[in-house]
Amino acid sequence: MGHEWLSLWSFLYGPLSIFLVGLYGLLTQKNLIKMAISINIMDYGVNLFIISLGYVPSAEAPIYTDAVKTYLPVFADPLPQALVLTAIVISVAVTAFILALTIKIHSQYGTTDLTKLGEMEL
Amino acid sequence: MIMQNPVLLIAVPLLLAFLIPVFSSFFKGAVRFIPVLAGGFNVIAAALLIPQASGDVAVTEIGGWASAYGISLLFSSQIGYMILAVNLTALLAIFYYILNERDLGSPLAYPIAFTLALSGANGMIMTGDLFNLFVFMEMTAIAGYIIAVHKKGYLGTFRFVVLSSVGSAFFLIATASLYNATGFLNMAMAGKNLGALSTPFISVISVLFIMALSSEAELLPLNGWVAPVYRESSGAGSVFFASVFSGAALFAVIKVMLIVFGINYAYVHQGLLVLGLVTLAAGEAAAFKQSNLKKMVAYSSIAQSGLIIAAVAAAMRSGVLHNGLFNAALFQLINNILAKALVLLGIALLGQATLKEIGGAGTRKKWLGVFISAGVLSLIGMPGFAGFWSKLFLVRELVGNRMFVFTLVFLLAALFEAYYYLRFLQSLFLGKSTTAASLPKTSWVTYILLFVLAALIILIGFAPDVIIRAVSGLSLGGVL
Amino acid sequence: MKKVIALLLFLGLLFFLGTGLEQGLKLGDRNTLAGKAGEAYLKRTVNSADPSASPSQVEYGSETDIEENAANTLTAVVVGYRSFDTLGEVTVLFLAATGVMALFFASGKKKRLALAKPNFILSVSSGFLLPLIILFGAYVFTHGHLTPGGGFQGGTIIAAAVLLLYMAGNAYKAPATGLKVLEGFSGAGYLLIGLAGLLLTGFFLNNFLPSGKMGALFSAGVIPVVYILIGLKVSAELSGIVSDYMGED
Amino acid sequence: MSTLIFIGLAASLLIYAAARLSRPLGALLLMLLSGAGVAALILSWGKGFTETLPLGNGLELTFSLSTFNWPFLLLGAFVLFIVSLFAVNALKEMEHGASFLALLTLIGVSVMGVFGAYDFLTLFIFFELMTWTSFFLVSMGKTGAKKAALIYAFMSMIAAYLMISAIMMIAQYTGSFSYSDFMGMYEAMPSGIRTTVVIFFLAAALIKGGIYPVHFWLRSAHGDAPHVFSPVLSGLLVKYGYYSAFLFLLFFPVMVATKAGITQVTSTDGPNFILAFIGGLSIMAGTVAAILQSDAKKLVAFSSVSHGGYVILALAYGTNMAVAGGLAHIWVHVLTALGMFLSMGAVAYRTGTTDMDEMGGLIKNMPVTFTVYLIAIISVAGIPPLAGFVSKWMIIQALAANGSYILAFMAFFGSIGSFMYVFRPLATIFLGQRPHKFKDVREVPFFMQLAMLIVTLLTILLGIMPYYLLKPFTRIQEFIGMVPVKIGFSTVYSALTQLDMMLIFLVFGGGFLLALVIFLLFSKPTKVEQHEVYTSGEIAPEISTTPEIYHFSKGYYRSFGRLFSRWPSVEAWYHKGAAYISQFFEIIEQSLFKQSINGFIWLAVVVMAVLMAVRWF
């Protein structure tokens, strides 16, 4: 039973918690850079979640090699891995953009604090 | 044969966009025409594709892989009309950009963003694969970020980036879970295998999808970016958001709801219905008090999204698909795309931001005033213009299906919408301007753009047959 | 107070999401490939009559005629079965690079970011690490279809080399226009390959090259070609982003 | 008729172009068009046809011309004819004159559509066309007009949405929009739906017709609309409301019954009685409010409320005498409203104001206008021998004959009260002392006089010869299967008595002549300057600085106003309601759209938790 709990934690609740930590950051943080970091944490949580969904018990990497020459039903699921690859790249792209945006906001308004930007925002 | 492949609607703009940096090192000035090329190609290609499409959905496989496993595009004449409307308005926005707003920012970035946004929007409309939808959503969104900062509206864009990133994170969780549980990313296959799953799982997935798509489709919880982005973006940018971006996103929501969840999960649609109605009411309420024109249109755009989604959800709610209501919603969507584009282009051409500042501008620029009124009267739903018919059909279907609360909310919202849009027209024609600023010059080419849209709206207004047959004839087979 | 409520929401959402998803997901030990798209990808039976049931014909080192024929199934998925996603992904990166450029364009004249004077060891060793890094990056993206790695990974490694250059010497400046043109060319190359597939076989992004023997360097049809293009593109894009950030004043 | 509608649409463009060249030209064109309409209608007396204009996909517009809608179509063409005649001169200085005329032409199109419709869809479409064109037309008026037009449009949209909901309920049940299908199904419809449909339609009709308690848009819309448009608004557009009330009160029920020889369509108890009572209230409220107005046009606007009350009261009452009287009253009100609004417009054209407190003594400058006004108000007040007397007589006869004394009292109240309010402009604008600033005011130009005189002439003629007034309406009664009231050339027969208008005219004419002779022979008027005011020994400090506040026309019915100052005002409630709604909207915007980024995430997370929780438990 303990084993079951552990697997649930590591495959589902753990990644989700990381995701929600990011969300918590967005709920409470006022600094634009911290918000960008929160978004990144969310993305990490999501990526971890996706990868963990591809886990197959005692599986090999989905690559044919000299050692694994033919199809065995013990390969890990390649699809989530491919999805994660795409998701990572997209999150990198968004991060690059959002950081550049933060720099511009800082140079224009002189602050990255949302409470101070609040009046200008509306 | 090859020209009939709908993938070209995505691939050609992509190719052209990639070539922009290459071209720019040789002919700097020519770069700006590339988006026009892309938009023009898409409009023509879509117009050529529609007659060949039937009401049934044709599946185009990409890479030759069986459609359940690889990525496939869906095409039917319904989708074709959506694409045509979206690309046409995008083309007009691009023209406007070239004519009036070229010097606002980086000469390389905006053509690229426009072209890729086109491709992304087409992808969102056509794709039949969940993860592919995510990719295209991100593509359109990032192109949207670039378009939104066109006039240095950093704060609004920041909001947009954060909210849309949160949305896409939700989308990824939902997609990955759906893959794990059903084994497929293809919408139809995932939807097929969904039946074996338990209610809590489906409801969590559906909530995640609703949240995720709400940021792009301007629905309630994640649409805080809409008003500041509209306000801060350039004229072409606001047209892009109101017509291209939200049109494509709304269609994507409709597609996911219809293909993945189908009509069997009343509770999913119930939630969406409530959310849509709340969005409708809140949007109109917020728009009612605005004196900034773009913000007014932004909130009204939010409200319209709510209306369309609510109507679609209502059409699927009871275990049968109400074709009439569904088609009325799509008709409304297309009308909304056209009319919003016209109004926003007009507002951009007025060059003034608030109700007071535009006072009397319509009399100084007669034609501009006339075109804007065509758009506005269509949005209000006055006879003689396209919007009349879509509102009429919506009421007919709502009353016909005995959805009285929905009818009440819809009509009340329409009432307030009529009020503030009429106020806008009033100050356009009869107001006295508070600023002495002269109106920006408008070239005849721009007038042609406006004329095209206005003519379409009036054409549909007098011969609703054109579009009704287009939208409703399709539903006889399958709706999408 | 706000944080306490946020925490409660955190726990609530964790409960709803977790318990809800738990009922549908096949997690950990319960997870199998049976019936999933991933199984068909691994078996290379996507286009056969019954993708999930047919027996495997895969044979590493000798197979010549099965789908894509990349030994690395992940690559077969990324650049083969779901190549359209990857095209979009590349585009997203392209857009992000463009967006960063557009943002910094507004600041007008580009000035090199003033960093602290580089460490002596860094500046000396960079000169001799650089070719190695670039070589490694190139290796990674040319062998993407055989071993772990590929265009994205390789491209990132090369971009790291550019970053290293920036760190090591204050004088270095990446050729921004050149990078942009390289990006454009490689992106357009990817698309042209896709369109060639459409022209030659009737399907966009379909393979039209001989697929070779599984496990050989020259195998898997267009996959290595595309991956090399992606590698070039990603390296150019990420370098571009790095140089945009560095050029910001 | 569909051809005519397209001609009308094209004509509006043509008239716009013509009016850009010269305003009178545009107005003359419109006059010719509507004049042709009047002529064509008179020539087509007794003829009828039905035609459809398919829009494809199962939608079609149906038009018809029959005995039934003939008087209404004629009414529309006539009002436009008179107003465009009036506009030949009146539009000269108007800011948006060309657009005004073009939009007025579109109103003409909507007349054809609304009155000529033979299905609900057509009716609705042209109702809406009227809404947006008249919205612009009202907006063109003086300072307050913009707000007025918005309120007007808002109320019109409410009416339109009520109407469309009702229409869709009908369509859902009968499967088409057509009147005849509805008539066929009427009795078979579930009574719940039938009641809802009728209530919605009547509510829409009351709003459009400006009936108390949804009348408040009339005050500002009529008062602030351009002077040339007020007559159209009052003479024509509120008639759309009466017409739809007529459809639902009489046409459908009676056509369904098709028992020839009904003398009373509806019972005097229950719902109809409520509606009749609303009509009565409208008479009283309109009358009282009109007495209190100091703006001449607003005064006339409230008189429209009161006259709408008569029409609704009579139609809801539903005996054949009441119906004929109510329908005739529609035409009478057209004439009187035209007469009053046109003369007020003429006064405003010369003096630039409609504020009665400022004026006086214009009878010497504008004798024709004065005469027109005088005849109009005699008719309004229901004093014999004019047309107004005939219709009011019939209505009150019908009420009295059946013993509905409360309603009869209400109708009487309106009649008596109207003496008070119509006298005020007469006294304060035309009679009394003339302020110095209006010394050089001249009579209005020829075309305006002509327009007004036609109206006056018709008022007198129809009064003497009620046959021409009533014949179309008795034909309607025949058409729908009611027993028509009995009329002769100049006589009307009721259950109690008979009325010979020619006789009355001769008597009154003789009396008038006698009075004139006496006046001319024996009157010795004393001429006083305007500000020769006697303060009866009191020291009035302002008399040397602002003598005009002591002018007799200032605050004419002030004491009367005090009498009613404690009465509850519906309009005040509406204002309060509007303020609450506005605040509520503000709160919505603040809480849903004016957050920081954190706020939006909060919103999203909470919504998400709620959505999931709802599914969970």
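Residues numbered from 1 in each chain as written. Chains lettered and ligands numbered in written order. Predicted model: local features only at pLDDT ≥ 70, side-chain atom pairs only at ≥ 80, totals over all residues. Heavy atoms only, no water.

**Student:** Lay out the interface of chain D and chain B in plain terms, naming residues and giving numbers.
**Tutor:** In this assembly, 59 residues from chain D lie in contact with 69 residues from chain B. Together chain D and chain B conceal approximately 5,500 Å² of surface at their shared face, both sides included; 78% is due to carbon and sulfur atoms. Inspection of the region where chain D meets chain B yields one salt bridge. With a shortest N-O distance of 3.2 Å, glutamate 586 of chain D and lysine 289 of chain B are connected by a salt bridge. Where chain D touches chain B, the interface holds seven residue pairs in polar contact (both at pLDDT 80 or more). (Contact = heavy atoms within 4.5 Å. Buried area = accessible area lost by both parts, 1.4 Å probe. Salt bridge = Lys/Arg side-chain N within 4 Å of Asp/Glu carboxyl O. Polar contact = N/O pair within 3.5 Å; in protein donor to acceptor, adjacent residues only side chain to side chain.)

**Student:** Before we move on, could you go through the sheet that holds strand β3 (residues 486-487) of chain D and cite the residues and values that matter?
**Tutor:** Working definition: the strands of a sheet are paired by backbone hydrogen bonds and lie parallel or antiparallel to each other. With antiparallel pairing, the three strands of this open sheet are ordered in space as β3-β4-β5 (chain D). The sheet is open, and its two edges are formed by β3 and β5 (498-500) of chain D, each paired on a single side. (Pairing = 2+ DSSP bridges. Helix = DSSP H or I, 4+ residues; strand = E, 2+ residues; numbered from the N terminus.)

**Student:** Summarise the side chain of asparagine 42 of chain B; cite the residues concerned and give the values.
**Tutor:** Residues and elements named next belong to chain B. Structurally, asparagine 42 is set in helix α2 (residues 34-52). Residue class for asparagine 42 comes out buried when judged on its relative accessible area of 0%. In contact with asparagine 42, not counting residues within four places along its chain, are Leu8, Leu9, Pro13, Asn87, Leu118 and Asn122. (Buried < 20%, exposed > 50% of the residue type's maximum accessible area, 1.4 Å probe, protein only.)

**Student:** Go over helix α14 (residues 367-380) of chain D, please, and point to the residues and values.
**Tutor:** Residues and elements named next belong to chain D. Its 14 residues give α14 an end-to-end C-alpha distance of 20 Å, which sits within 8% of 20 Å, the value for a rise of 1.5 Å per residue. Along α14, 10 of the 14 residues are buried, which leaves the element largely enclosed by surrounding structure. All buried positions along α14 are accounted for by Val368, Thr369, Phe370, Val372, Tyr373, Ile375, Ala376, Ile377, Ser379 and Val380. Elements that come into contact with the buried residues of α14 comprise α12 (296-317), α13 (320-351), α15 (387-401), α16 (405-430) and α17 (446-464). One or two residues past the end of α14 sits glycine 382, with phi positive at roughly 70 degrees. (Expected span 1.5 Å × (residues − 1).)

**Student:** For the interface of chain B and chain C, give the residues involved together with the corresponding values.
**Tutor:** Counting residues at the interface gives 61 residues for chain B, matched by 57 residues for chain C. Both sides of the chain B and chain C interface together cover about 4,900 Å² of buried area, and 76% of this is carbon and sulfur. Counting across the interface, chain B meets chain C through one salt bridge. Residues arginine 82 of chain C and aspartate 129 of chain B are paired through a salt bridge, measuring 2.5 Å at the closest nitrogen-oxygen approach. The tally of links from chain B across to chain C stands at 12 residue pairs in polar contact (both at pLDDT 80 or more). Those elements that place two or more of their residues in the side of chain B that touches chain C are α1 (8-24), α4 (109-126), α5 (130-148), α6 (154-182) and α8 (199-217) of chain B. Residue contributions to the side of chain B that touches chain C peak at 10 residues, all from α1 of chain B.

**Student:** Give a description of the layout of surface pockets that names residues and reports values.
**Tutor:** In this structure, the largest pocket spans a volume of roughly 1,500 Å³. Taken together, 47 residues line the largest pocket, and the ones lying closest to its centre are Phe385 of chain B together with Ser12, Leu13, Leu106 and Trp132 of chain D. Sorting elements by how many residues they give to the lining of the largest pocket places helix α1 (residues 2-21) of chain D first, with nine residues. Partitioning the lining of the largest pocket into residue classes produces 36 nonpolar, nine polar and two charged. (1 Å grid on protein atoms, 1.4 Å probe; cavity = no way out; pocket = protein on both sides within 12 Å on 5 of 7 lines; lining within 4 Å. Points joined across faces, edges and corners; volume = space filled by probe spheres on them. Nonpolar A, V, L, I, M, F, W, Y, C, P; charged D, E, K, R; others polar.)

**Student:** Tell me what's going on with unusual backbone geometry, and back it up with residues and numbers.
**Tutor:** Here serine 58 of chain A, not a glycine, exhibits a phi torsion of approximately 40 degrees, which is positive. Tracing the backbone through its elements, the reader meets serine 58 of chain A in the loop between α2 (32-53) and α3 (78-109). For serine 58 of chain A, a relative accessible area of 65% corresponds to the exposed category. Phi at alanine 220 of chain C is positive, roughly 65 degrees, even though this residue is not glycine. Tracing the chain through its elements places alanine 220 of chain C in the loop between α7 (176-201) and α8 (223-247). Overall, the relative accessible area of 0% leaves alanine 220 of chain C in the buried class.

**Student:** Describe the domain arrangement of chain D, and please don't skip the residues or the numbers.
**Tutor:** Each assigned domain of chain D is listed with its residue range as follows: domain 1 (262-522) and domain 2 (578-616). Taking only C-alpha atoms into account, the centre of domain 1 of chain D sits 56 Å from that of domain 2 of chain D. (Domains from an automatic or database assignment.)

**Student:** Can you tell me about the packing of α3 of chain A against helix α4 (residues 83-105) of chain C, naming the residues and giving the values?
**Tutor:** As a packed pair, α3 of chain A and α4 of chain C sit with axes 9 Å apart at the nearest point and diverge in direction by 10 degrees. Judged by the angle between their axes, α3 of chain A and α4 of chain C are roughly parallel. Judged by residue contacts, Leu85, Thr86, Val89, Ile90, Ala93, Ala96, Phe97, Ala100, Leu101, Ile103 and Lys104 of chain A of α3 of chain A engage Glu89, Val92, Leu93, Ala96, Gly99, Val100, Leu103 and Phe104 of chain C from α4 of chain C. Taken together, the residues of the contact of α3 of chain A with α4 of chain C break down into 15 nonpolar, two polar and two charged. (Axes fitted to C-alpha atoms, helices over the stretch in contact; angles between N-to-C directions. Parallel < 35°, antiparallel > 145°, perpendicular 65-115°, else oblique.)

**Student:** So what's going on with the pattern of salt bridges? Which residues, and what values?
**Tutor:** Residue and element names in this part refer to chain C. Inspection of every chain in the model, using the stated rule, returns 10 salt bridges over all chains. With a shortest N-O distance of 3.2 Å, lysine 43 and glutamate 39 are connected by a salt bridge. Of this pair, lysine 43 and glutamate 39 both sit in helix α2 (residues 37-43), four residues apart, which is roughly one turn of the helix. No difference in accessibility class separates lysine 43 from glutamate 39, as the two residues are buried.

**Student:** Explain the packing of α2 of chain A against α6 of chain B to me, and be specific about the residues and the numbers.
**Tutor:** When two helices pack together, you describe them by how their axes are tilted relative to each other and by the distance separating the axes. Contact pair α2 of chain A / α6 of chain B: the axes reach a minimum separation of 9 Å and the direction vectors enclose 10 degrees. Considering their axes alone, α2 of chain A and α6 of chain B lie roughly parallel with respect to each other. Here Leu32, Met35, Ile39, Met42, Asp43, Val46, Phe49, Ile50 and Leu53 of chain A of α2 of chain A come into contact with α6 of chain B, specifically with Phe158, Val162, Ser165, Val166, Ala169, Leu172, Ile173, Ala176, Ser177 and Asn180 of chain B. Residue classes in the contact of α2 of chain A with α6 of chain B are distributed as 15 nonpolar, three polar and one charged.

**Student:** Could you give an account of empty space enclosed by the protein, naming the residues involved and the relevant values?
**Tutor:** For the structure shown, the criterion picks out 14 cavities of 30 Å³ or more. Its boundaries defined by the atoms lining it, the largest cavity holds a volume of some 100 Å³. Forming the walls of the largest cavity are 13 residues, and the residues nearest its centre are Asp43, Ile90 and Ser91 of chain A together with Phe134 and Ser168 of chain B. Elements with a minimum of two residues in the lining of the largest cavity: α2 and α3 of chain A together with α5 and α6 of chain B. Each residue belonging to the lining of the largest cavity can be placed in one class, and the counts come to seven nonpolar, four polar and two charged.

**Student:** Residue-level account of helix α10 (residues 235-261) of chain B, with values.
**Tutor:** All names here are of chain B. Its 27 residues give α10 an end-to-end C-alpha distance of 37 Å, which sits within 8% of 39 Å, the value for a rise of 1.5 Å per residue. Where α10 bends most, at phenylalanine 241, the angle is about 35 degrees. With respect to burial, α10 is a largely interior element, 26 of its 27 residues being buried. Phi for glycine 262, located one or two positions after α10, is positive at around 65 degrees. (Bend = angle between axes of the 7 residues up to and from the residue.)

**Student:** Tell me about the environment of serine 215 of chain B, and please be specific about residues and values.
**Tutor:** Residues and elements named next belong to chain B. Relative to the elements of secondary structure, serine 215 occurs in helix α8. Sequence separation of serine 215 and leucine 155 is 60 residues, and the distance between their C-alpha atoms is 17 Å. In this view, serine 215 contacts Leu163, Ser164, Gly167, Leu222 and Trp225; residues no more than four positions away in its chain are not counted. One polar contact links the side chain of serine 215 to the main-chain carbonyl oxygen of alanine 212, over a distance of 3.4 Å.

**Student:** Report on the packing of aromatic side chains, specifying residues and quantitative values.
**Tutor:** Applying the stated criterion to the full structure yields 68 aromatic pairs over all chains. Joined through ring pairs, the aromatic side chains of Phe97 of chain A together with Tyr145, Phe160, Trp225, Tyr230, Phe240, Phe241 and Phe245 of chain B make up one cluster. Directly above the ring of phenylalanine 288 of chain B sits arginine 423 of chain B, whose terminal nitrogen or CZ lies 5.9 Å from the centroid. For the cation-ring pair, arginine 475 of chain D lies above tryptophan 45 of chain D, with the distance from its terminal atom to the ring centre recorded as 3.5 Å. (Phe/Tyr/Trp six-rings, centres within 6.5 Å; stacked < 30°, edge-to-face > 60°. Lys NZ or Arg CZ within 6 Å of the ring centre and 35° of its normal.)

**Student:** I'd like a rundown of the pairing of strand β2 (residues 72-75) of chain B, residues and numbers included.
**Tutor:** All names here are of chain B. Of the two faces of β2, both are covered, the one formed by Ser72 and Leu74 as well as the one formed by Leu73 and Phe75. In this sheet, β2 lies alongside strand β1 (residues 58-61) in antiparallel orientation, the contact comprising four bridges. Directly across from threonine 60, in β2, lies its bridge partner leucine 73.

**Student:** Explain the confidence of the model for chain C to me, using residue names and the numbers behind them.
**Tutor:** Taken residue by residue, chain C gives an average pLDDT of 83. The fraction at 70 or more is 94%. Taken element by element, the predicted model of chain C shows its lowest mean pLDDT in α2 of chain C (84) and its highest in α4 of chain C (89). (pLDDT = per-residue confidence, 0-100.)

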